[in-house]
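Here is how the chains run, residue by residue.
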Amino acid sequence: MFGKAEIRGGLLALSGVLIVVLLIISFTPGLPGEELLQSLRFHFVTVGLVLALACIMAGARWRGGLVLLLVLAGAAHGAVLVNELMSRRIDLPGEPSTRLDFLSFNVLAGNRDAEALVQSIVADPPDVALIMETPGIEMYLDQIAEVLPYSIGCESPVGCDISLHSRFPLDGKVSTLQPFRFQRLAVAQLAVDGVPLTIVGVHLSKPYFDQAAWRELDQIDDVLGAVEGPVIVAGDFNAAPWSEPLAWLARRNSLAPAQWPPATWPVRLGPLGVPIDNVFTGGSARIESLVSGDNQGSNHRPLRAQIAIYPAP
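Heads up: these notes are all about the structure in this document. (Residues numbered from 1 in each chain as written. Predicted model: local features only at pLDDT ≥ 70, side-chain atom pairs only at ≥ 80, totals over all residues. Heavy atoms only, no water.)

Overview of the overall build of the protein chain
Thought 1: The helix and strand tally for the protein chain stands at eight helices and eleven strands.
Thought 2: Computed over its C-alpha atoms, the radius of gyration of the protein chain comes to 21 Å, within 12% of the 20 Å expected for a compact globule of 313 residues.
Thought 3: In terms of overall dimensions, the protein chain has C-alpha extents of about 70 × 45 × 35 Å along its principal axes.
Thought 4: A burial count over the protein chain gives 51% of its 313 residues as buried.
Thought 5: Partitioning the intrachain contacts of the protein chain with sequence separation of at least 6 by distance along the chain shows that 67% fall at a separation of at least 24.
Thought 6: Summed over its atoms, the accessible surface of the protein chain is roughly 14700 Å², and 60% of this surface lies on carbon and sulfur atoms.
Thought 7: In the protein chain, 21 positive and 30 negative side-chain charges are present, and the distance between their average locations comes to 11 Å. (Helix = DSSP H or I, 4+ residues; strand = E, 2+ residues; numbered from the N terminus. Rg over C-alpha atoms; globule rule 2.2 N^0.38 Å. Buried < 20%, exposed > 50% of the residue type's maximum accessible area, 1.4 Å probe, protein only. Contact = heavy atoms within 4.5 Å. Areas by Shrake-Rupley, 256 points an atom, 1.4 Å probe, with all protein chains shown as cover. Lys, Arg positive; Asp, Glu negative; His and termini not counted. Charge placed at Lys NZ, Arg CZ, Asp CG, Glu CD.)

Here it is as structure tokens:
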């Protein structure tokens, strides 16, 4: 059996490790994997609060109090980033010119429930569907075309990843993202009830590839710099909105999030997971609602957004 001193020492050691992680998250010294840690920021804060209280209850009151202060400082740093994101959700005057029902879904390349997944889309089709890891449902794309007849992406299976499907005509293309050269960037213009709109769909690399996401986001930033008017930026970012790279992209391009991003991964954690799939809007477009749905064989939950497009100021 462990004595009280040993338990207290173990709790303090774990707290020390957690404080180091929070420091890495806050100061981003360029270590491998720090972007992944940033996405888990509020999970670490929750664990830190539990450890701090446990230390205090175990008798290490002063040291537990110090841990609590440092954890709260880490939470405050994250809250500043979230507040900055939310500050761009500025209400626009007047009534929307039109609205768009938008689906963003990483369907998983090896999805074993692909037919049922596609049937769920066909049964309740959005206006526009952004699909990542499209090979997971490529055998059933003709069924999607029955309700969303216009599409770009995955015309050839070589390098196929992202595709965009719409009930409105699309003018756009799918490009490769450096440095890995997968077809993971879709840019398309369309008119929603006569109102012009640009959609930028992305699928970023996983955050443990050193600095790869920064190179990809530089490329996406160049694309967004040339966009005029209302825009939707969506996809699988493999990062939460409060991670440094994604917060940087949103800040650079004045992108606004939903009221709160739903968790999409891992699916088993449900609402306790991480929002690594996201939808942002820019210009005169605003997200009115954003909800996650049934994963249907994927390792991600889909996002369904109702987006209002207002007259240009």
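Concerning the packing of helix α7 (residues 212-225) against helix α8 (residues 244-252)
Thought 1: Between α7 and α8, whose axes approach to 10 Å, the crossing angle comes to 10°. Comparing the axis directions of α7 and α8 gives the class roughly parallel. Every residue of α8 that contacts α7 at W214, L217, D218, I220, D221 and L224 is listed here: E244, P245, L246, W248, L249 and R252.
Thought 2: Of the residues assigned to the contact of α7 with α8, the class counts are eight nonpolar, no polar and four charged. (Axes fitted to C-alpha atoms, helices over the stretch in contact; angles between N-to-C directions. Parallel < 35°, antiparallel > 145°, perpendicular 65-115°, else oblique. Nonpolar A, V, L, I, M, F, W, Y, C, P; charged D, E, K, R; others polar.)

Brief notes about the sheet that holds strand β2 (residues 128-132)
Thought 1: Pairing within the open sheet is mixed, and its six strands lie in the order β3-β4-β2-β1-β11-β10. Here the strands that pair on one side only, and so sit at the sheet edges, are β3 (150-152) and β10 (285-292). Each neighbouring strand pair of the sheet contributes to a mean axis angle of 20°, computed without reference to strand direction. (Pairing = 2+ DSSP bridges.)

Notes on the pattern of salt bridges
Thought 1: Summed over the entire model, instances satisfying the criterion amount to eight salt bridges.
Thought 2: R304 is paired through a salt bridge with D124; the nearest N and O atoms lie 3.7 Å apart. Pair noted here: R304 is in strand β11 (residues 303-309) and D124 is in the loop between α5 (114-123) and β2, with a separation of 180 residues, a long-range link.
Thought 3: According to the relative accessible area criterion, D124 is partly exposed, its value standing at 46%. (Salt bridge = Lys/Arg side-chain N within 4 Å of Asp/Glu carboxyl O.)

Describing the packing of aromatic side chains
The relative placement of two aromatic rings is captured by the distance of their centres and the angle of their planes.
Thought 1: Applying the stated criterion to the full structure yields four aromatic pairs.
Thought 2: A centroid spacing of 5.0 Å and a plane angle of 80° characterise the contact between F42 and W242, whose relative ring orientation is edge-to-face. Taken as a pair, F42 in helix α3 (residues 41-57) and W242 in the loop between β8 (231-236) and α8 lie far apart in primary sequence, 200 residues in all.
Thought 3: Residue F42 is classed as partly exposed on the basis of its relative accessible area, which comes to 23%. (Phe/Tyr/Trp six-rings, centres within 6.5 Å; stacked < 30°, edge-to-face > 60°.)

Considering the sheet that holds strand β9 (residues 277-282)
Thought 1: With mixed pairing, five strands are arranged side by side in an open sheet as β5-β6-β7-β8-β9. Each end of this open sheet is capped by a strand with a single partner; those strands are β5 (171-177) and β9. For this sheet, the mean angle separating the axes of adjacent strands, direction not counted, is 15°.

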